[in-house]
Amino acid sequence: MTAPDSTADERNLPPARFAYDKHTWKEIAHLLVNLPVALLGFAYVFGVLLVSGVLTLTVVGLPLLTFSLLGARQLGKLERGRARVLLGVRVEEPTPLPLRKSGGLLQRLWMALKDPVGWRTLLYDFIRLPWGILTFVTTLTSLFVLWPVLPFIARGLANADRAMVRGLLSPSNELERRIAELESDRGVVVDTAAADLRRIERDLHDGAQARLVNLAMGLGLAKEKLLEDPDSAAAMVAEAHGEVKLALQELRDLARGIHPAVLTDRGLDAALSSVASRCTVPVKVTAELTERPAAAIEGIAYFTVSELLQNVSKHSGARSASVEVWRSGDRLLIQVRDDGRGGARLDGGTGMRGLAERLGAVDGLFVVDSPPGGPTTVTAELPWRDRTEPPGRG
């Protein structure tokens, strides 16, 4: 009977390695560093609250607290970095405060004072001292006494640390997203209002104002010729009368473009029927509304349909179209269909993109379904807001 081949058995053994892997050692290092970091953080918070509280009676207190909150943001950044390196926790950095865009000094101070990121970081550093003592003592003791089960202890304590970092040092993603959307929507509203004012000014200058100037000149010439050449004066007056009619029509069209009287007096159903009657293709309008929405929402809905029907007239090549308006819960829905050539896109021009931006500025939605060859279906969704003032012009 031959002896076993010891060389072959050695080749089958697993390679020699540390009992703890690198992740466990990183967690242990994090737990041991918790105490000195917690001491520094607690000292910072205690000093900030004590000194700022004492100096609140003076003009120095609030500015000092403001700078302390900005400093807390930097402590939070360091803690997120430590958790990223030692615990593998990926926490997004919060959005910097837009202090340079906040106007005067008082507005900047107020923005920093109500910063939730700074206050949560102060809370994080305040509660870390007892936790840092616990984790340091437990990890150091287990390293010498309970080393066989230390990886499990370290994992449990590190998971609690991960939860604290995510809970107190993470930005509120929904809040951050909402703030960014509101800032963007505010810019869209301002740009849209400025564009509307420029359009009204251009229409007045190039249309009604020019006609009224010609009218004044014509009447002046007619006045001069009234005694010398009554026939020529009468012809000039007749021409001026025609100019008056055209100027009045342009002013009516301009007023309709600002806010149509039929919308104010009779509501969305009648106003959309009036718009549809001016479309170059037959349009069927169906408005299933038992009550009227807020005036602002009603106006946006009207101008959305008006713009879409203008696109149908100019670009679709359709033979028929339809407009449907109804309420679903707390939303006002609009759907415009046509049997034209299709191919409409949000990025195809400024018209569709402008409508999408306008609706987005009031928490609305704008969806275009227009395959090549048609048909085209545009769905717009607006938040329903109850009408607080009685309809009609006062």
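Because the structure is predicted, anything quoted here is derived from the model rather than measured. Residue positions are given per chain, counting from 1 as you read along its sequence in written order. Totals for whole chains, interfaces and linings use all residues, but because this is a predicted model, local features are given only for residues with pLDDT of at least 70 and pairs of side-chain atoms are given and counted only at 80 or more. Calculated side-chain values reflect all of the structure's heavy atoms, with hydrogen atoms and water omitted.

Visitor: Help me understand the overall build of the protein chain, please; the structure alone is not making it clear to me.
Guide: When its secondary structure is counted, the protein chain shows twelve helices and five strands. Each residue is placed in one exposure class: buried if its accessible area under a 1.4 Å probe, protein chains only, is under 20% of its type's maximum, exposed if it is over 50%, and partly exposed if it falls in between. Going through the 394 residues of the protein chain one by one, you find that 33% of them count as buried. Intrachain contacts of the protein chain at a sequence separation of at least 6 include 70% that bridge at least 24 residues. When the accessible surface of the protein chain is split by element, carbon and sulfur atoms take 63% of a total near 23900 Å². To qualify as a helix, a DSSP run of H or I must reach at least 4 residues; to qualify as a strand, a run of E must reach at least 2; elements of each kind are numbered from the N terminus. For this analysis, residues touch if any pair of their heavy atoms sits within 4.5 Å. Each accessible area value is a Shrake-Rupley result obtained with a 1.4 Å probe; residue values ignore everything except the protein chains displayed when judging cover.

Visitor: Help me understand the packing of helix H2 (residues 22-54) against helix H6 (residues 150-168), please; the structure alone is not making it clear to me.
Guide: Describing two packed helices takes the angle between their axes plus the distance from one axis to the other. Contact geometry for H2 and H6: axes closest at 9 Å, N-to-C directions at 60 degrees. Taken as axis vectors, H2 and H6 run oblique relative to one another. Crossing angle aside, the handedness with which H2 passes H6 is left-handed. Of H6, the residues touching H2 (which contributes Thr24, Glu27, Ile28, His30, Leu31 and Asn34) are Leu150, Pro151, Ala154, Arg155, Leu157, Ala158, Asp161 and Arg162. In this classification, Asp, Glu, Lys and Arg are treated as charged, Ala, Val, Leu, Ile, Met, Phe, Trp, Tyr, Cys and Pro as nonpolar, and every other residue, Gly included, as polar. For the contact of H2 with H6, the residue count by class is seven nonpolar, three polar and four charged. Axes, fitted as lines to C-alpha atoms, cover a helix only where it is in contact. Angles between the N-to-C directions of the axes lie from 0 to 180 degrees. Small angles under 35 degrees read as roughly parallel and large ones over 145 as roughly antiparallel, with 65 to 115 read as roughly perpendicular and the rest as oblique. Two helices cross in a left-handed way if the nearer one is turned anticlockwise from the farther one by less than a right angle. They cross in a right-handed way if the turn is clockwise.

Visitor: Looking at this model, I keep getting lost on the environment of Val367. Mind explaining?
Guide: Tracing the backbone shows Val367 in strand S4 (residues 365-369). In the structure, Val367 is positioned 32 residues away from Gln335 in sequence and 9.6 Å away in space, judged by C-alpha atoms. Excluding residues that lie within four positions of it along the chain, Val367 makes contacts with Thr377, Val378 and Thr379.

Visitor: In this structure, what is going on with the sheet that holds S4? I would like to understand it.
Guide: Hydrogen bonding along the main chain pairs the strands of a sheet, whether they run parallel or antiparallel. Taking strand neighbours across the sheet as the criterion, the five strands line up as S1-S2-S3-S5-S4 in an open arrangement whose pairing is mixed. One side of each edge strand has no neighbouring strand; the edge strands of this open sheet are strand S1 (283-288) and S4. Shown here is a sheet whose adjacent strand axes are inclined to one another by a mean of 10 degrees, direction ignored. Strand pairing is assigned whenever DSSP identifies at least 2 bridges connecting the two strands. Two strands pair when backbone bridges link them, and strand S2 (residues 321-328) and strand S3 (residues 331-338) are joined in this way by eight bridges, in the antiparallel orientation. Note that in S3 the partner of Arg327 across the bridge is Leu332.

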